[in-house]
Amino acid sequence: MSVQTESGTRTRDEPWYRADLRRYGRGVGGLAAFLAVWWTGAAITQPSYLLPGPIESLRAFIDLFATPTEIPLPLLGGSLTLPTGLAHLTQTLFHYVPGLLLGAVCGISLGLTMGWSGRLDDWLRPLIRLLRPIPPLAWIVFAIVWFGIHHTGAAFIVFIGAFWINFYGAYGGVEGVDGELTDAAATLGVERDLSMLKLVALPSAAPQVLTGFRTSIGRCWMIVVGAELFGAPGVGYEIINASNNLAMDTSVAYMLLISLTFLCMDVGFRLFERRLLAWR
Amino acid sequence: MAMTDSQPGESAGNPKIDIRNLSMAYESGETSVQALSAVSFAVDPGEFCCVVGPSGCGKTSLLRAIAGLETPDTGGVVVGGEPVTGPGLDRGMVFQEYALFPWRTVRGNIRFGLDRPACGCADCEARVDELVDLVGLDGFGDAYPKALSGGMKQRVGIARALAVDPEILLMDEPFGSVDARTRDRLHTELLDIWAETEQTVVFVTHDIDEAVRLADRIVIMDSEPGTVRSALSVDLPRPRDRTDATFVDHVARIREVLAGRQGRTAE
């Protein structure tokens, strides 16, 4: 039966890759149309520095890697020399990564515990309702007075952004655990709350926890750039720094660098997610 | 209403499950629904007991009370001489909608109860192999539940409950969502397993045919509120033939009782 289906697919009029090719073709077409509009817009904009064209921007992007820049290493002391683009990207990662990871760990932990324990939920729900609507960037004032606007301050802002997204992912995931599954586990000898959380609630909530984390990867890029516009070192700072010198093409180059970095992280995490959630 | 607490032809020995004057109510919005009202009956060791009744007669609540998943308002359940205060490994449960852990493979699901510290099995892997074989799932051990049909899922559900070797198997309309042909096959397999393990089974269903096919004794329940209307012994040799005159007669009698005519208690 399955053999027949397999040979049946092969003898179909259209080879299997045709539909994929058509889809990719459309994607490339959309991209090309955008580049054309951009290029035309840049060509007719006067003065020309207001809108750098795609070719100038690409050249600026390549230039990001042409010269080395030395950056100081936080905590460890000393310094590190990298091509300029990578150097500033590394500076961003110095606050992005700790903020994201710490925020995710704290958010997921609190989300799981609160979703699981009705009493804690009662205690904290009003407080969370009150704090949640505050945009992470609003906390920048405290970041500045507490930590100064450097890595720690920027990491703090990223932490807040990552915290909420991961909190809600985990909270919703645990709240949505099927009661039948916990019943089944109970009849199979799971007695303690902690074992139930580990054996049933956590794996059951995993898809939502992971989606929450993946969303926070993207959201934190927006937040980190926002924080750097206030002066923390990194790619966001370089965007505004370049535009202050009217080097808009360099600004676009850094924007492209952020976009590519995010894409790599997102694709990588999706692969990890797919492997982890093979059961779905 | 005739409240028959009859255990026809049964010895006066110690029952495996003794349900005593069980009452339970649910709060649903502002009204309180009486799920069970003064339900009493007993199940003997090794007996295959079916509970039939219309939907909403509290059969599931009854089963969950025996499992220890619900606490009754009054009365209680005594299992093997001990009052039920919560779930325990001595009572395995098979759920209507399977309730398999979707993130665990077939083997992983079956293994779940064996991983508990309370359960000391010398060779868990061998036990899992044995169970996979018992429920006829060879070759599917590493499949995730999403890849299985309803009948196969319920086989996993049964194997998972059997894994910890419970003395009592509680089954909540386990074959309600599988097609008729698969159900027939599962009946035969379940009876084989039961004959082999000598477990006490409480099997809830709304399908009278199914009850007569499987049970040693059938407890017939009435709804609103859930009460036991009557009990009926089925003394037919297995395997039972649906077209057999006595089989048909049993089905007709249960139907009569359920239809509200005065229940005639068997024998």
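Here the structure is a predicted model, which is why all the values come from computation and not from measurement.

Draft legend 1. Just the nonpolar core, in detail. Ranked by internal contacts, the top residues of the largest apolar core, which has 91 residues, are A:V200 and B:F41. A total of 17 residues in this core trace back to one element, the largest contributor, which is helix 9 (residues 193–229) of chain A. Counting residues in each nonpolar core, the second largest holds 49 residues, with B:A159, B:L186, B:L190 and B:V212 among its members.

Draft legend 2. Local environment of the pairing of strand 1 (residues 68–72) of chain A. All names here are of chain A. Where strand 1 lies against strand 2 (residues 79–83), five bridges are found, and the strand directions are antiparallel. Bridge pairing in strand 2 places T69 opposite L82. The turn linking strand 1 back onto strand 2 is made up of six residues, and L75 within it adopts a positive phi angle of 65°.

Draft legend 3. Fine view of the interface of chain B and chain A. Between chain B and chain A, the residue contacts involve 21 residues of the former and 17 residues of the latter. Of the roughly 1,800 Å² buried between chain B and chain A, counting both surfaces, carbon and sulfur atoms make up 70%. If you look at where chain B meets chain A, you find one salt bridge. On the surface where chain B and chain A come into contact, there are three residue pairs in polar contact (both at pLDDT 80 or more). Of the residues belonging to the side of chain B that touches chain A, the class tally is 12 nonpolar, two polar and seven charged.

Draft legend 4. Examining helix 3 (residues 124–134) of chain B more closely. All names here are of chain B. When helix 3 is considered as a whole, its buried residues turn out to be C124, R127, V128, L131 and V132. Seen along its axis, helix 3 keeps its buried residues to an arc of 135°; they face one direction. Check the buried side of helix 3 and you find it contacts helix 2 (106–111) and helix 4 (150–163). Just past helix 3, the residue G136 takes up positive phi, approximately 70°.

So, how was this worked out
- Residues numbered from 1 in each chain as written.
- Chains lettered and ligands numbered in written order.
- Predicted model: local features only at pLDDT ≥ 70, side-chain atom pairs only at ≥ 80, totals over all residues.
- Heavy atoms only, no water.
- Core = buried A, V, L, I, M, F, W, Y, C linked by side-chain atoms within 4.5 Å.
- Buried < 20%, exposed > 50% of the residue type's maximum accessible area, 1.4 Å probe, protein only.
- Helix = DSSP H or I, 4+ residues; strand = E, 2+ residues; numbered from the N terminus.
- Pairing = 2+ DSSP bridges.
- Contact = heavy atoms within 4.5 Å.
- Buried area = accessible area lost by both parts, 1.4 Å probe.
- Salt bridge = Lys/Arg side-chain N within 4 Å of Asp/Glu carboxyl O.
- Polar contact = N/O pair within 3.5 Å; in protein donor to acceptor, adjacent residues only side chain to side chain.
- Nonpolar A, V, L, I, M, F, W, Y, C, P; charged D, E, K, R; others polar.
- Arc of directions from axis to C-beta.

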